[in-house]
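Topology and contacts: notes
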Amino acid sequence: MNWDETPSEGADASDAAGTADADRLVGASADREDQAVEAALRPKDLDEFIGQEKVREQLDLVLRAARARGATADHVLLSGAPGLGKTTLSMIIAAEMGAPIRITSGPAIQHAGDLAAILSSLQEGEVLFLDEIHRMSRPAEEMLYMAMEDFRVDVIVGKGPGATAIPLELPPFTLVGATTRAGLLPPPLRDRFGFTAHMEFYEPAELERVVHRSASLLDVEIDTEGAAEIAGRSRGTPRIANRLLRRVRDYAQVKADGDITRDIAGAALAVYEVDARGLDRLDRAVLEALLKLFGGGPVGLSTLAVAVGEERETVEEVAEPFLVREGLLARTPRGRVATPAAWAHLGLTPPPRAPGGNGQADLFGA
């Protein structure tokens, strides 16, 4: 491993990367505008929800069985990348069960008392949606174990030797936890969820349906090819598809007659620097530095970050995941390496000894 390949640590680095992601047109994190628009675009039931066929089918069985028993639904854990519909599904669960929903997040619960206050105010059957559940504090996490399993919490009154634990009974409720990093959840917490689902990235055809539905709700005229053009650049994520649709709508209203076609969508996204594979300025800057300055690698993460003028956490957590998923970049023990697809995408010819060139057989070659 290169000397500058130490893992990123600390909430500050993750928060900074999350902010950088939210500022990008193709970022999967939601900003205030996204949250406002998504509230109007969200499907209200499972039949209206597009994609995630297996998750929908399994979740439908869980909810139907709970309603037939007249009981609250099992606790649900939803994992997957941002923007795939975890919050939407939590609201659908509440709607399908005819129950109110309370929404909070792991970072907002820093003390066991914070969680106790929320749990003690829940109504019977209510759905508690806990986003970013992996970022909850450890004391609150341990309190949640008992609340999920026994519907009871012990409230500590006093300090030191005179402290007393007062048991507090809770009404039956359904916890819906959402996480982008399921591996960070401790096994005792994961085991207390009755149903666990992993959200997959969407196929282009599914995103076309998302774009058509959203366009209808936004009163925007769009043809099949225009929807396909937007879907193809949406990185498998409905949130990004809806954001690109809004920006293309703006372009169409100003530069054309308001209708969205393939040519209009392509021209609009060219203005916003989103290319045919969904790469934006940051993605291409990383690839161009890797190819043009370092001959395709291998190169260390910190060196690559300096070359593009970004923090290493931004490159590692914001740009790299999509580049790796698209097969344009690889992480190797010797550093970051461009693949043959990266050279082809930027229209460059690799030198003989570069990864993807004629002189190197594989990414780990000696």
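Residues numbered from 1 in each chain as written. Predicted model: local features only at pLDDT ≥ 70, side-chain atom pairs only at ≥ 80, totals over all residues. Heavy atoms only, no water.

Topic: the packing of aromatic side chains
Here a ring pair, both rings aromatic, is described through the centre-centre distance and the interplanar angle of the planes. Quick note on the threshold: For Phe, Tyr and Trp, rings pair up if their centres lie within 6.5 Å, where Trp contributes its six-membered ring, and each pair is then called stacked (planes under 30 degrees apart), edge-to-face (over 60) or tilted (otherwise). In this analysis the charged atom, NZ for Lys or CZ for Arg, is taken to sit over a ring once it is within 6 Å of the ring centre and within 35 degrees of the ring normal.
All told, the structure shown has one aromatic pair when counted by the stated rule. In this arrangement the basic side chain of Arg 235 is found over the ring face of Phe 322, its NZ or CZ atom lying 3.8 Å from the centre. When the ring centre of Phe 201 is taken as origin, the NZ or CZ atom of Arg 325, which lies over that ring, is 3.6 Å away.

So, the sheet that holds strand 7 (residues 195-198)
Our working rule: Two strands make a pair as long as DSSP finds a minimum of two bridges between them. Strands here are runs of E lasting at least two residues and helices are runs of H or I lasting at least four, both read from the DSSP assignment and numbered beginning at the N terminus. Axis definition: a line fitted to C-alpha atoms, limited for helices to the stretch in contact. Angles are taken between N-to-C directions and run from 0 to 180 degrees.
Spatially, the five strands line up as an open sheet ordered 2-3-6-1-7, and their pairing is parallel. For this open sheet the edge positions go to strand 2 (101-105) and strand 7, each flanked by a neighbour on one side alone. The average undirected angle you get between the axes of adjacent strands in this sheet is 15 degrees. Alignment of strand 1 (residues 76-79) against strand 7, held across four bridges, turns out to be parallel. When the sheet's bridge partners are listed, Leu 78 is paired in strand 7 with Ala 197.

Examining unusual backbone geometry
As a reminder of what qualifies: Partly exposed residues are those whose accessible area sits between 20% and 50% of the maximum for their type, while under 20% is buried and over 50% is exposed, using a 1.4 Å probe and protein chains only.
Here Asp 219, not a glycine, exhibits a phi torsion of approximately 60 degrees, which is positive. Position of Asp 219 relative to the elements: it lies in the loop between helix 8 (204-217) and helix 9 (224-232). With a phi angle near 60 degrees, Glu 273 is a residue other than glycine that sits in the positive phi range. Residue Glu 273 is classed as partly exposed on the basis of its relative accessible area, which comes to 41%.

Focus: the confidence of the model for the protein
Our working definition: Confidence scores labelled pLDDT are given residue by residue by the predictor and lie between 0 and 100. Only heavy atoms enter the contact rule, under which two residues are in contact if any of them lie within 4.5 Å.
A residue-level look at the protein finds 86% of positions with pLDDT of 70 or above and a mean pLDDT of 83. Overall, residues 1-11 carries pLDDT values under 50, and its contacts beyond four positions in sequence, including any with other chains, amount to 21 contacts. Every residue in residues 358-366 is under pLDDT 50, and counting partners more than four places away or in other chains gives 17 contacts.

Focus: the packing of helix 13 (residues 301-308) against helix 14 (residues 312-325)
To keep it simple, the criterion reads: Reported orientations rely on four angle classes, namely roughly parallel under 35 degrees, roughly antiparallel over 145, roughly perpendicular from 65 to 115, and oblique for the rest. In this classification, the charged set is Asp, Glu, Lys and Arg, the nonpolar set is Ala, Val, Leu, Ile, Met, Phe, Trp, Tyr, Cys and Pro, and all remaining amino acids, among them Gly, are polar.
Contact geometry of helix 13 with helix 14 gives a least axis separation of 8 Å together with a crossing angle of 90 degrees. Classified by the interaxial angle, the pair formed by helix 13 and helix 14 is roughly perpendicular. Between helix 13, through Leu 301, Ser 302, Leu 304, Ala 305 and Val 308, and helix 14, the contact on the second element is made entirely by Arg 312, Val 315, Glu 316 and Glu 320. Among the residues forming the contact of helix 13 with helix 14, the class breakdown is five nonpolar, one polar and three charged.

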